[in-house]
Amino acid sequence: MTQTRHLRIGSDDLDTAAALLRAGELVSFPTETVYGLGADATNGQAVAGIFAAKGRPRFNPLIAHVADVDMARQLVDWPDAAEALAAAFWPGPLSMVLPLRPGSGVSELVTAGLSTLAVRLPAHPVARDLLARVGRPVAAPSANPSGRISPTEAAHVLDGLGGRIAAVLDAGPAAVGVESTIVGLTDTPRLLRPGGVPAEAIEAVLGTSLAPADAAITAPGQLSSHYAPGAALRMNATAPIAGEVYLGFGPMDCDLNLSATGDLAEAAANLFGHLHKLDLTGQPIAVAPIPETGLGQAITDRLTRAAAPRP
Ligand code: TXA
Ligand code: MG
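**Q** Looking at this structure, I do not really get the overall build of the protein chain. What am I missing?
**A** Summing up its helical and strand segments, the protein chain has ten helices and 15 strands in all. In terms of C-alpha radius of gyration, the protein chain reaches 19 Å, essentially the compact-globule figure of 19 Å for 311 residues. Oriented by its inertia axes, the alpha-carbon framework of the protein chain measures out at about 60 × 50 × 35 Å. Burial status across the protein chain gives 54% buried among its 311 residues. Within the protein chain, counting contacts between residues at least 6 apart in sequence, those at least 24 apart form 69% of the total. For the protein chain, the accessible area works out to roughly 12300 Å², and carbon and sulfur atoms hold 53% of it. Of the side chains in the protein chain, 21 bear a positive and 29 a negative charge, and the two mean positions are spaced by 6 Å.

Following this line, the structure appears as structure tokens:
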């Protein structure tokens, strides 16, 4: 059991966090999507620590976070589609799965032995500063115990993983609130996970529609139950039934509202924080209907997994 250090974001704290990561320790850091649980992606022992701290049942592949486009190019092949998507959406909530380059130095635990690697250049200035100071790719899943609600604040990280990681770097609430969109670019472009960049925007840049995930490939969050609060969650509820707390969307009476004005970006930013709060009531959660366009696709994806039967 370690004491988890709660670092605020002065320059000394960024140096401390970078030094801990370089030494093989686990550090949670803010990104614009959710808080990540970082480890040096070139250090297998450090990466193994991520799975142990999260209680992740299997070695799912992880996303390598890079400091700049050059670092990504050293790790993976870089087709024109990657260049176009990086120009349009990086830094930002987009991860790209690309062929791993030989000699990348990335631990096999990051790729789960696959010949591909997911790379992401986050937009959060604290994440970017930290990654530049580390100078190596940082593997980072969301900083929550496996299967539970993703963290959008340092307090969520401490609640879930306090005592199991070296430090959390606190920069306040995450702005986007749902994880990055994951696009596979190893054959035909595929949407592997909806997320912070709407699929429609990616399709507009590529000039082609995204194919669905290939079932044979390890797809994100394939564990169908994921992001789950302690009690049951019911979707598309036009009203709560007795005993339920009600998570609203749009103008309505409810316990908490994702966005009273029906704004999907605001709803995504509030999603996990509101679920954490409603989870504290211990009551089942009913969620109002959410449109499935734009960021609504990522929100609906997370809610569907949160509502799925538990293992
Ligand atoms: O916004 C985000 O992406 C956050 C922040 C911390 O950056 N990270 C995140 O990581 O959501 P995680 O581990 O919760 O989700 C990564 C997903 C995994 O479910 C995995 O299946 C998929 O990415 N993935 C990673 N590498 C892959 C690969 N080579 N091929 C296919 N899927 C991959
Ligand atoms: Mg996650």
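Moving on from the coordinates now.
**Q** Mind showing me how you'd approach helix α7 (residues 154-161) here?
**A** Count 3.6 residues to each turn of an α-helix, and residues three or four apart come out pointing the same way. Here α7 has its buried residues at Ala154, His156, Val157, Gly160 and Leu161. The buried side chains of α7 occupy one side of the element, clustering within an arc of 155° when seen end-on. Those residues of α7 hidden inside the fold are in contact with β1 (5-7), β2 (27-29), β3 (36-40), α2 (44-54), β8 (167-169) and α9 (264-279).

**Q** What is the right way to read the packing of α9 against helix α10 (residues 296-307) from this model?
**A** Two quantities define a packed helix pair, namely the angle between the axes and the distance from one axis to the other. Look at α9 against α10: their axes get within 9 Å of each other, and the N-to-C directions meet at 20°. Relative to α10, the element α9 is oriented roughly parallel. Helix-helix and strand crossings are classified by hand; for α9 and α10 the assignment is left-handed. Touching Leu264, Ala267, Ala268, Leu271, Phe272 and Leu275 of α9 are Gly296, Ile299, Arg302 and Leu303, all from α10. Of the residues in the contact of α9 with α10, the class split is eight nonpolar, one polar and one charged.

Conventions adopted
Residues numbered from 1 in each chain as written. Chains lettered and ligands numbered in written order. Predicted model: local features only at pLDDT ≥ 70, side-chain atom pairs only at ≥ 80, totals over all residues. Heavy atoms only, no water. Helix = DSSP H or I, 4+ residues; strand = E, 2+ residues; numbered from the N terminus. Rg over C-alpha atoms; globule rule 2.2 N^0.38 Å. Buried < 20%, exposed > 50% of the residue type's maximum accessible area, 1.4 Å probe, protein only. Contact = heavy atoms within 4.5 Å. Areas by Shrake-Rupley, 256 points an atom, 1.4 Å probe, with all protein chains shown as cover. Lys, Arg positive; Asp, Glu negative; His and termini not counted. Charge placed at Lys NZ, Arg CZ, Asp CG, Glu CD. Arc of directions from axis to C-beta. Axes fitted to C-alpha atoms, helices over the stretch in contact; angles between N-to-C directions. Parallel < 35°, antiparallel > 145°, perpendicular 65-115°, else oblique. Left-handed = near helix turned anticlockwise from the far one by under 90°. Nonpolar A, V, L, I, M, F, W, Y, C, P; charged D, E, K, R; others polar.

That is the geometry; function is a separate question.
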